[in-house]
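Residues per chain are reported as follows:
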Amino acid sequence: MAISYKSFSRDLINWYDGSKRDLPWRRTRDPYKIWVSEIMLQQTTVNTVIGFYGRFIKAFPTMKALAKAPLQTVLKQWQGLGYYNRARNLHRSAVRLMQEHRGVLPRDPEVLRAFPGFGPYTTGSVLSIAYDIPLTIIDANIRRVGMRLLALPGEANTKQDPVIKEFLLKILPLKRAGDFNQALMELGARVCASKYPSCTACPVAGYCRANRLDLQKKIPISKKKIVTDIQAVLAIIKKNDRYFIQQRPEKGLLAGLWEFPGGKIESGESESKALARELKEELGLQLRSARFLFRLKHFYTQFRVELSVFACSIKGEPTIDAAHLWVSYKDLSKYPMPSANGKIIERLTA
Ligand code: SF4
């Protein structure tokens, strides 16, 4: 059956109008707030984002407020959401948009694409939702829905996108493009779910090739997730009532966040040897003694970390500068830290 593009979009948007979730960022037309929500929703679930979004908007209610805030304050608000580059780019773009566009998000996709964090997806989602500009978007949910609607074989990856985009360009309505894009995302999240698509409740089941061919559970082919296990040691060094923390480099994983010193245990290495080596390499310090405190597991997308935490005493003093500080327990919470370090601080009180 050939798809009637007009009726497809109408059926999808009608369904969305009647059953969309009432989410905080759907109650606003403010492009800045829509932008913040779209950045937060990348790689993070809606339920997690709800709380963070409310707090972030309260702290930075306007683009001007965000641009004026120090990066460390922004990262602190972001703490727990992960993928901190999103926050860094959000802040960088806010500063530049204030300077170059008086705090107004440009409507031209080409212009917006020049700002940090505005790839094709973010540009399309923000402009279509905020200004109703007819741009297509493809995220993981839309890719899966598109593959099923067209019964495309293979794994869900960006190689599928040109065909899906061609299809989306045919069904994208000129009006309500933002609602159309959100409807597709909503469909992928709530109906055309990855493992168990609810085809009987699907507003576009009649247009779906995979449904017709009974292939919906076989499309896309599922990819085995490779998760690496990492074992690491972490040193709690105390002087009087203050703890030693250091800032991670400005580039790379968890860039610019603060943490207790430590690192990965190399193969064949004992925990105490790893501690001594890390303190030597990172800080030029010699470990005097280490007392085991507790072990903690933390999960990232691609790896699991088992952290062994030790109370350490060292010979000499670490050098104190802008990226190496002694901080009281009360003040530790003022520094943006990876979630695993946040968990450790909670355990330290116990
Ligand atoms: Fe997904 Fe089923 Fe709807 Fe097809 S009919 S789009 S497989 S939920």
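Everything that follows concerns the structure shown earlier in this document.
Predicted model only: the values in this text are computed from it and were never measured.

Colleague: Just checking my understanding: could you explain the site of the ligand for this structure?
Modeller: The environment of the ligand is made up of Arg 148, Cys 192, Cys 199, Cys 202, Ala 205, Cys 208, Asn 211 and Gln 216. Of the residues that constitute the shell around the ligand, the class distribution is 5 nonpolar, 2 polar and 1 charged.

Colleague: Looking at this model, I keep getting lost on the packing of aromatic side chains. Mind explaining?
Modeller: How two aromatic rings sit relative to each other is set out by the distance from centre to centre and by the angle between their planes. Scanning the entire structure with this criterion turns up 11 aromatic pairs. When the ring of Phe 8 is compared with that of Phe 167, the centres are 6.1 Å apart and the planes differ by 80 degrees; the resulting orientation is edge-to-face. Of this pair, Phe 8 sits in helix H1 (residues 5-19) while Phe 167 sits in helix H10 (residues 161-171); the two residues are 159 residues apart in sequence, bridging distant segments of the chain. By the burial criterion, Phe 8 is buried, and Phe 167 matches it. Ring geometry for Phe 292 against Phe 310: centres 5.6 Å apart, planes inclined by 70 degrees, an arrangement best described as edge-to-face. Here Phe 292, found in strand E5 (residues 286-299), pairs with Phe 310, found in strand E6 (residues 303-315); they are 18 residues apart in sequence, far enough to count as distant. Under the relative-accessibility criterion, Phe 292 is labelled partly exposed at 38%. Here the aromatic residues Phe 8, Phe 167 and Tyr 207 are joined through ring pairs into a cluster of three or more. Across from the ring centre of Phe 115, 4.4 Å away, lies the NZ or CZ of Arg 96, which sits over that ring.

Colleague: What am I meant to see in the side chain of His 91 here?
Modeller: If you trace the backbone, His 91 turns up in helix H6 (residues 85-101). Look at His 91 and you get buried, because its relative accessible area is 11%.

Colleague: Would you take a moment to explain the nonpolar core for this structure?
Modeller: Across soluble globular proteins, nonpolar side chains show a tendency to be buried alongside one another. Formed by 40 residues in total, the largest nonpolar core has its most connected members in Tyr 32, Trp 35, Met 40, Phe 56, Trp 78 and Leu 105. When residues of this core are traced back to their parent elements, those giving at least two are helix H2 (31-41), helix H3 (46-59), helix H4 (63-68), helix H5 (71-78), H6 and helix H8 (120-131). Excluding its chain neighbours within four sequence positions, the residues that come into contact with Tyr 32 are Phe 56, Ile 57, Phe 60, Pro 61, Thr 62, Met 63, Leu 66 and Leu 105. Counting 33 residues, the second-largest nonpolar core is a separate cluster that includes Phe 8, Leu 172, Val 204 and Tyr 207.

Colleague: In this structure, what is going on with the environment of Leu 325? I would like to understand it.
Modeller: Checked against the element boundaries, Leu 325 lands in strand E7 (residues 324-328). Taking the C-alpha atoms as reference points, Leu 325 and Asn 240, 85 residues apart in sequence, are found 14 Å from one another. Those residues in contact with Leu 325 that lie beyond four places of it in its chain are Tyr 243, Phe 244, Ile 245, Trp 258, Ile 320 and Tyr 335.

Colleague: Would you mind showing me how to read the packing of helix H9 (residues 140-150) against helix H11 (residues 177-190) here?
Modeller: Any two packed helices are characterised by how steeply their axes cross, that is the angle between the axes, and by the distance between the axes. Interhelical geometry of H9 versus H11 gives an angle of 80 degrees and a closest axis separation of 8 Å. Here H9 is positioned roughly perpendicular relative to H11, judged by the angle of their axes. Here Asn 141, Ile 142, Arg 144 and Val 145 of H9 lie close against H11, whose contacting residues are Asn 181, Leu 184, Met 185, Leu 187, Gly 188 and Ala 189.

Colleague: Just to check I follow, could you spell out the packing of H8 against H11 for this structure?
Modeller: At a closest axis distance of 7 Å, the pairing of H8 and H11 adopts a crossing angle of 125 degrees. Overall, the two elements H8 and H11 adopt an arrangement that is oblique. Relative to H11, H8 is oriented so that their crossing is left-handed. In this structure, H8 contributes Tyr 121, Gly 124, Ser 128 and Ile 129 to the contact, and H11 contributes Ala 177, Gly 178, Asn 181, Gln 182 and Met 185. Broken down by class, the residue content of the contact of H8 with H11 amounts to 4 nonpolar, 5 polar and no charged.

Calculation criteria
Residues numbered from 1 in each chain as written. Predicted model: local features only at pLDDT ≥ 70, side-chain atom pairs only at ≥ 80, totals over all residues. Heavy atoms only, no water. Near = heavy atom within 4 Å. Nonpolar A, V, L, I, M, F, W, Y, C, P; charged D, E, K, R; others polar. Phe/Tyr/Trp six-rings, centres within 6.5 Å; stacked < 30°, edge-to-face > 60°. Helix = DSSP H or I, 4+ residues; strand = E, 2+ residues; numbered from the N terminus. Buried < 20%, exposed > 50% of the residue type's maximum accessible area, 1.4 Å probe, protein only. Lys NZ or Arg CZ within 6 Å of the ring centre and 35° of its normal. Core = buried A, V, L, I, M, F, W, Y, C linked by side-chain atoms within 4.5 Å. Contact = heavy atoms within 4.5 Å. Axes fitted to C-alpha atoms, helices over the stretch in contact; angles between N-to-C directions. Parallel < 35°, antiparallel > 145°, perpendicular 65-115°, else oblique. Left-handed = near helix turned anticlockwise from the far one by under 90°.

Note that every value here comes from positions in space, so none of it alone points to a role or purpose.
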